[in-house]
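Given next are the chains, with one letter for each unit.
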Amino acid sequence: MSATVLSSGIISRPFLLLLISLYLSSCSSSTGRDHSGANPDSTSPTTVNIPHPVRQDTVPRFKTLDTALSFAGVWVNEIYFDSIRNNRSPRLDQGLEKSCIIIPDSTLTATNMVAGFHDGGGTMVVVKDGNRYQFYDPELKLPLDTIEPLSPTRIHIGNQYFRSLKHPDTNKNDWGILEEILFSGRYQKEDGKEVEFGTDGHITGLEIASYYEPVIDYADRADHQLDLINLGQSHKKLDEYGFRFDKDTLLIYTVECLHYDANEHGCDSSKFGELMWKLRRTSE
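Residues numbered from 1 in each chain as written. Predicted model: local features only at pLDDT ≥ 70, side-chain atom pairs only at ≥ 80, totals over all residues. Heavy atoms only, no water.

Undergrad: Looking at this structure, how should I read the pairing of strand E6 (residues 124–129)?
TA: A regular strand carries its side chains on alternate faces of the sheet. By the bridge criterion, two bridges tie strand E3 (residues 110–111) to E6 in an arrangement that is antiparallel. Counted as the bridge partner of Thr-111 is Met-124 from E6. Where E6 lies against strand E7 (residues 132–136), five bridges are found, and the strand directions are antiparallel. By the bridge assignment for E7, Lys-128 is matched with Tyr-133. What sits between the antiparallel neighbours E6 and E7 is a turn of two residues, in which Gly-130 has the positive phi angle 70°. (Pairing = 2+ DSSP bridges. Helix = DSSP H or I, 4+ residues; strand = E, 2+ residues; numbered from the N terminus.)

Undergrad: Hey, could you run me through the pattern of salt bridges in this one?
TA: Between side chains of opposite charge, a pair can form as their charged atoms come close. On inspection of all chains with the given rule, the structure shows 11 salt bridges. Lys-271 serves as the salt-bridge partner of Glu-256, at 3.8 Å between the closest nitrogen and oxygen. Note that Glu-256 is positioned in strand E17 (residues 249–261) and Lys-271 in strand E18 (residues 266–283), a separation of 15 residues in sequence. By relative accessible area, Glu-256 is classed as partly exposed at 37%. On the basis of relative accessibility, which here comes to 38%, the residue Lys-271 falls in the partly exposed class. Salt bridges here are not isolated pairs; linked through shared partners, they connect Glu-78, Asp-82, Arg-154 and Arg-163. (Salt bridge = Lys/Arg side-chain N within 4 Å of Asp/Glu carboxyl O. Buried < 20%, exposed > 50% of the residue type's maximum accessible area, 1.4 Å probe, protein only.)

Undergrad: Quick question: what am I supposed to make of unusual backbone geometry here?
TA: Positive phi outside glycine occurs at Arg-88, with the angle close to 55°. Note that Arg-88 resides in the loop between helix H2 (78–87) and strand E2 (100–103). Judged by its relative accessible area of 23%, Arg-88 is partly exposed.

Undergrad: What is the right way to read the state of the cysteines from this model?
TA: Formally, a disulfide is one covalent bond, and it connects the sulfur atom of one cysteine to the sulfur atom of another. Counted according to the given criterion, the structure contains one disulfide. The disulfide partner of Cys-257 is Cys-267, and the gap between their sulfur atoms is 1.9 Å. Its S-S torsion of about -130° marks the bond between Cys-257 and Cys-267 as left-handed, since a negative value means left-handed. In this pair, Cys-257 is assigned in strand E17 and Cys-267 in strand E18, connecting sequence segments 10 residues apart. The class of Cys-257 is partly exposed, set by a relative accessible area of 38%. (Disulfide = S-S within 2.5 Å.)

Undergrad: Looking at this structure, I do not really get the packing of aromatic side chains. What am I missing?
TA: The way to describe two aromatic rings as a pair is by their centre distance and the angle between their planes. Counted by the stated rule, this structure contains 12 aromatic pairs. Ring geometry for Phe-71 and Tyr-133: centres 4.9 Å apart, planes at 85°, overall edge-to-face. One end of the pair, Phe-71, is in the loop between helix H1 (13–30) and strand E1 (73–77); the other, Tyr-133, is in strand E7, with 62 residues separating them in the sequence. For Tyr-133, a relative accessible area of 15% corresponds to the buried category. (Phe/Tyr/Trp six-rings, centres within 6.5 Å; stacked < 30°, edge-to-face > 60°.)

Undergrad: Sorry if this is basic, but what is going on with the nonpolar core here?
TA: One recurring pattern in soluble globular proteins: nonpolar side chains tend to sit buried together. Within the largest apolar cluster, 33 residues are counted, with the highest numbers of intra-cluster contacts made by Tyr-80, Ile-177, Phe-183, Phe-197, Leu-231, Leu-250 and Ile-252. Among the secondary structure elements, those contributing two or more residues to this core are E1, H2, helix H3 (177–183), strand E12 (194–197), strand E15 (227–234), strand E16 (237–246), E17 and E18. Broken down by element, this core gets its largest block of residues, five residues, from H3. Apart from the residues within four sequence positions on either side, Leu-250 is in contact with Phe-183, Tyr-187, Phe-197, Phe-243, Arg-244, Phe-245, Trp-277, Lys-278 and Leu-279. Judged by nonpolar contacts, the second largest core, of 14 residues, contains Ile-103, Tyr-133, Ile-147 and Ile-157. (Core = buried A, V, L, I, M, F, W, Y, C linked by side-chain atoms within 4.5 Å. Contact = heavy atoms within 4.5 Å.)

Undergrad: Can you help me understand the pairing of strand E14 (residues 211–214) in this one?
TA: Judged by which residues are buried, E14 turns out to be covered on both faces: Tyr-211 and Glu-213 on one side and Tyr-212 and Pro-214 on the other are all buried. Sheet topology places E14 next to E15; four bridges connect them, and they run antiparallel. From the neighbouring strand, Glu-213 faces E15, where its bridge partner is Asn-230.

Right, here's the structure in full:
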């Protein structure tokens, strides 16, 4: 197409408008942009309108922290420790709600507080939150009690104090509690011969017995008028005896049944029988 030029050398107005129109059309077609305005061939960053994701609540670290516990072991209520050493009667001291507990080796491990040396309480787990220790329910939703280690041998749980056992044995019925805090030590018989009760449940120097097992739980016994100890040559074959302490002397008796309950297949009342051994404690 030939352009029409005025004699003055100036492009005519219609032709100028035509050039502008052609230029704008060319620019529009060369951008390469889609309907959204984005350039698919461009390597420059682009802002894309993506909705923000829903924020998920993070789980507190203490609920997943599996770490060793320096105060693991068997812990016995301090009230029991002191009372047993004063009156020396497990039967009289049984009714203690928070009596003992096994603290596990690590956090997030199940355990339970034992009530009256008889019933296990609800399942709990130990958690460590910063420098604090607590008992939580198994689902880690509800804090149940506080734990405050005070020393290697003393701990504060809730409003109670507990002491650790030096020689625990969780395979024993009493976890080795009475062996350690009541019976263990050296004694002397009336003939001067020495008898020793070990923390491990063994006896040396007693004629008919080399093993002993104190009774700590009297809740299911109808004849709980006596403190009891089982003696024998093996922990698999034991006979029941009664015992009491007279100051520093341990007296061990046979047990006489006063009335046998045929329905319960056991005695519902009993008393001390023959005195078998009189043992004076000579050392712890």
